[in-house]
Amino acid sequence: MQRFDLKGKVALVTGGNGGIGQGIARGLLECGAAVVIAGRNEEKNKAAVSELSKIGPPVSALVLDVTNEGQCRAAVEEVVRRHGRLDILVNNAGMGAPGGPALPDDMPLVSWHKVIDTNLTSAFVLSQLAYPEMKKVGGGKIINIGSISSYMGAPRWTAYGPAKAGIVQLSKNCASAWGKDNIQVNTIWPGLIDTAMTKTLQGDKAFMARVLPRIAAGRVGAPHDFAGVAAFLASRASDYVTGADITVDGGLLWGV
Ligand SMILES: NC(=O)c1ccc[n+]([C@@H]2O[C@H](COP(=O)([O-])OP(=O)(O)OC[C@H]3O[C@@H](n4cnc5c(N)ncnc54)[C@H](OP(=O)(O)O)[C@@H]3O)[C@@H](O)[C@H]2O)c1
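Everything quoted here is computed from the prediction, not taken from an experiment.

Q: Run through the site of the ligand, naming residues and quoting values.
A: The immediate surroundings of the ligand are formed by 30 residues, with Gly15, Gly19, Gly39, Asn41 and Gly94 found nearest. Its residues assigned to classes, the shell around the ligand comprises eleven nonpolar, 16 polar and three charged.

The following block contains the structure:
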């Protein structure tokens, strides 16, 4: 459908080499966008490009550590060098905590900084770098990945929760500042999704017995569950949607 057509658009998806990011890259490619995925692991990048290139529109990868400002600048420049423009930025790269989730009384400051830098500061840095490129082409779309932990609390989400809450306000403030430039900024909140990040959690029988009955959809989410919502938020179908939070959690957040 034309309203969701992304032909001629160019997207950068951080963490697009696996999990939710790869599901998002798939959705954007299926609607016709050229996509550059970015992650630290070159092997994962190559495998994802080989899988995604079956869809059709051009897809390529670049090696990027989103906590490195210089690499972020080079990544945006490289996308523009490859495709001549940047229309869509997906700030998806993320992590739990180095060494596993930790209680507030336990978490070393260095781990706090790592989680905040990876999940929140990177989105600020990349959005700031993408902004002039989006202005040049008359508008753009920024999709930030929050979490149900943007809202809920848990003993061991010490840095992760604040990072994911922060990205919601970053989205709203950028949406407010850049609306005049026709740039829409929205946040997707995944629930419990089957990716590398949640493998250990999904192996915890007591946790799953508590959480699964609260998911109205009756199942854990999958990366492909993000393809449609990302395509919507990247397309002109969402031109009047900005600063919004969209849960993609099968109903987990409100389930009792
Ligand atoms: N899975 C869930 O249930 C869930 C729930 C709520 C929110 N989320 C959020 O969804 C997003 C994707 O997570 P996922 O579940 O798909 O996890 P995942 O499969 O572990 O993917 C994480 C991605 O982020 C990339 N990444 C991590 N640190 C990076 C860095 N410093 N620089 C560049 N790339 C980096 C990884 O690639 P490299 O290793 O190659 O760098 C990988 O592609 C994250 O923001 C996460 O917080 C996930």
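Having seen the model, we can carry on.
Q: Mind laying out unusual backbone geometry, listing which residues take part and the relevant values?
A: The backbone phi angle of Asn182 is positive, close to 60°, even though this residue is not glycine. Secondary-structure assignment places Asn182 in the loop between α5 (160–178) and β6 (183–190).

Q: Explain the sheet that holds strand β1 (residues 10–14) to me, using residue names and the numbers behind them.
A: Across a sheet, strands are paired by hydrogen bonds formed along the backbone, either parallel or antiparallel in direction. In spatial order, the strands read β3-β2-β1-β4-β5-β6-β7; together these seven strands make up an open sheet with parallel pairing. The sheet is open, and its two borders are formed by β3 (59–63) and β7 (245–248), each paired with just one other strand. Each strand axis lies, on average, 20° off the axis of its neighbour in the sheet, ignoring direction. The pairing of strand β4 (residues 88–91) with strand β5 (residues 140–145) spans four bridges and is classified as parallel. Along β5, the bridge assignment pairs Asn91 with Asn144. Docked against the sheet, helix α8 (residues 227–234) engages β1, β4, β5, β6 and β7, running at close to 145° with respect to β5.

Scoring rules and cut-offs
- As a convention, each chain's residues are numbered from 1 in the sequence order in which they are written.
- For a predicted model such as this one, the threshold for reporting local features is a pLDDT of at least 70, and the threshold for listing and counting side-chain atom pairs is 80 or more; totals across whole chains, interfaces and linings nevertheless cover every residue.
- The criterion for a residue being near a molecule or strand is simple: its C-beta atom, placed using the backbone, must lie within 6 Å of it.
- Amino acids are sorted into nonpolar (Ala, Val, Leu, Ile, Met, Phe, Trp, Tyr, Cys and Pro), charged (Asp, Glu, Lys and Arg) and polar (every other residue, Gly among them).
- Going along the chain from the N terminus, every DSSP run of H or I of four or more residues is numbered as a helix, and every run of E of two or more is numbered as a strand.
- A pair of strands counts as paired when DSSP detects no fewer than two bridges linking them.
- Each axis is a line fitted through C-alpha atoms, taken for helices only over the stretch in contact, and angles between the N-to-C directions span 0 to 180 degrees.
- C-beta atoms are placed from the backbone for every residue, and two residues are taken to be in contact when these atoms lie within 7 Å.

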